[in-house]
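Each chain, written out:
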Amino acid sequence: MARIKIEGLKVVTNELNRIRNQMTPNINKALADTGPFAKKTAVNAIFNKYGFKSRDYIDENMTFSVNPSDLNVFISARYEPSSLNNFALKMNKGFMVNTLRNQKIWFKGAFTVIGFNNNTVMFSRKRGDNSWRTLKKEEAIKANTKVPKPLYGPSVAGSFKSVLPDIEAPIIKHLRERYGHHASR
């Protein structure tokens with residue numbers, strides 16, 4: 001935080017520093033109250049816009065921290081793409097995928113396997129393409145085919161970025177309310 005120094009006006013400098021020292025704890029308290037609110041607002045906005053199956057998945061992949069020394073709140077999210085399983089509903093011969101809420105897409109011939117990291121990964125078969133039969137690199141080389149690419153949905157970070165304009169106003173309103181509450185004490 002910047003120090004205020006005015007040459008020759010020691011009393012004014014002392015008063016400005018007193019005001020700053022009085023406001024800083026209130027700002028820190030308001031930021032500490034606003035961090036969880038901002039995260040919850042972001043999780044709800046992402047869940048309402050995107051077809052993630054649960055809010056918990058979004059919440060687990062977002063973090064927030066408050067840095068009182070420079071009066072900042074940091075909210076970050078996981079950048080890796082989410083498995084398409086987080087948006088899918090198993091049907092008879094494939095999956096109904098809902099990456100954007102209420103915009104379902106039918107993936108006929110899609111199937112899931114346990115990936116190398118013990119995560120569930122989705123692949124899609126297409127007529128005449130048998131590359132899905134060789135999911136391991138060694139098998140694909142032997143069969144002279146390419147390794148199929150797994151299907152992924154949006155990352156939590158990408159989803160977070162897209163909802164930022166929608167959540168800024170409520171977060172600012174909450175921050176102002178919390179600062180007013182702490183400043184009036």
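Nothing here was measured: the structure is a model prediction, and the numbers come from that model.

**Focus: the side chain of Ser-155**
At step 1: In this structure, Ser-155 sits in strand E9 (residues 152-155).
At step 2: Residue classification places Ser-155 among the buried positions, given a relative accessible area of 11%.
At step 3: Polar contacts involving the side chain of Ser-155 include one to the main-chain amide nitrogen of Gly-158, which spans 2.9 Å.
At step 4: Leaving out residues up to four positions away in the same chain, Ser-155 has contacts with Arg-78, Tyr-79, Glu-80, Pro-81 and Ser-82.

**Concerning the sheet that holds strand E4 (residues 88-91)**
At step 1: The strand order across the open sheet built from three strands is E4-E5-E6, with neighbouring strands paired in antiparallel fashion. With one partner strand each, in any of the chains shown, E4 and strand E6 (103-108) form the two edges of the open sheet. The average undirected angle you get between the axes of adjacent strands in this sheet is 25°.
At step 2: Where E4 meets strand E5 (residues 94-100), four bridges bridge the pair, whose relative direction is antiparallel. Among the inter-strand pairings, Lys-90 is bridged to a residue of E5, identified as Phe-95.

**Notes on the nonpolar core**
At step 1: Core analysis: the largest hydrophobic core is formed by 25 residues, its most contacted members being Ile-46, Phe-52, Ile-58, Met-62, Val-156 and Phe-160.
At step 2: Elements with a contribution of two residues or more to this core: helix H1 (10-49), helix H2 (55-60), E5 and helix H4 (156-183).
At step 3: Leaving out residues up to four positions away in the same chain, Phe-52 has contacts with Ile-46, Phe-47, Tyr-57, Ile-58, Ser-82, Asn-86, Phe-87, Arg-101, Pro-154, Val-156 and Ser-159.

**Some remarks on H4**
At step 1: Taking 1.5 Å per residue, 28 residues should reach 40 Å; H4 reaches only 35 Å between its end C-alpha atoms and comes up short.
At step 2: Considering bend angle alone, the principal kink of H4 is centred on Leu-164 and spans about 60°; proline Pro-165 follows within four residues of it.
At step 3: Inspection of H4 places Val-156, Ala-157, Ser-159, Phe-160, Val-163, Ile-167, Ile-171, His-174 and His-182 among the buried residues, and these make up the whole buried set.
At step 4: On its buried face, H4 is in contact with H1, H2, strand E1 (62-67), strand E2 (72-77), strand E3 (81-83) and E9.

**Points about the confidence of the model for the protein chain**
Where the model shows low pLDDT, its predicted coordinates should not be examined in detail.
At step 1: Predicted confidence across the protein chain gives a mean pLDDT of 79, with 82% of residues reaching 70 or more.
At step 2: Mean pLDDT in the protein chain bottoms out at helix H3 (residues 137-143), which sits at 56, and peaks at H2, which reaches 91.

**What to know about the environment of Asn-85**
At step 1: Mapped onto the secondary structure, Asn-85 falls in the loop between E3 and E4.
At step 2: What makes Asn-85 buried here is its relative accessible area of 14%.
At step 3: For the pair formed by Asn-85 and Phe-52, sequence separation is 33 residues and the distance between their alpha carbons is 9.1 Å.
At step 4: In contact with Asn-85, other than residues within four places in its own chain, are Lys-53, Thr-112, Thr-120, Val-121 and Met-122.

**Some points on the environment of Asn-26**
At step 1: Along the chain, the position of Asn-26 falls in helix H1.
At step 2: In the structure, Asn-26 is positioned 155 residues away from His-181 in sequence and 8.8 Å away in space, judged by C-alpha atoms.
At step 3: When near neighbours in sequence (up to four residues on either side) are disregarded, Asn-26 contacts Tyr-179, His-182 and Ala-183.
At step 4: Within the structure, Asn-26 has its side chain in polar contact with the backbone oxygen of Gln-22 (distance 3.4 Å).

**Brief notes about the packing of aromatic side chains**
Two measures describe an aromatic ring pair: the distance that separates the ring centres and the angle between the ring planes.
At step 1: Evaluation of the coordinates by the stated rule reveals two aromatic pairs.
At step 2: On the basis of an interplanar angle of 45° and a centroid distance of 4.5 Å, the ring pair of Phe-52 and Phe-87 is categorised as tilted. Residue Phe-52 is located in the loop between H1 and H2, and its partner Phe-87 is located in the loop between E3 and E4; the two are separated by 35 residues in the primary sequence.
At step 3: Classification of Phe-87 as buried rests on a relative accessible area of 3%.
At step 4: Ring pairing ties together the aromatic residues Phe-52, Tyr-57 and Phe-87, which thus form one cluster.
At step 5: A cation over an aromatic ring shows up here: Arg-101 above the ring of Phe-47, its NZ or CZ 4.3 Å from the ring centre.

Conventions adopted
Residues numbered from 1 in each chain as written. Predicted model: local features only at pLDDT ≥ 70, side-chain atom pairs only at ≥ 80, totals over all residues. Heavy atoms only, no water. Helix = DSSP H or I, 4+ residues; strand = E, 2+ residues; numbered from the N terminus. Buried < 20%, exposed > 50% of the residue type's maximum accessible area, 1.4 Å probe, protein only. Polar contact = N/O pair within 3.5 Å; in protein donor to acceptor, adjacent residues only side chain to side chain. Contact = heavy atoms within 4.5 Å. Pairing = 2+ DSSP bridges. Axes fitted to C-alpha atoms, helices over the stretch in contact; angles between N-to-C directions. Core = buried A, V, L, I, M, F, W, Y, C linked by side-chain atoms within 4.5 Å. Expected span 1.5 Å × (residues − 1). Bend = angle between axes of the 7 residues up to and from the residue. pLDDT = per-residue confidence, 0-100. Phe/Tyr/Trp six-rings, centres within 6.5 Å; stacked < 30°, edge-to-face > 60°. Lys NZ or Arg CZ within 6 Å of the ring centre and 35° of its normal.

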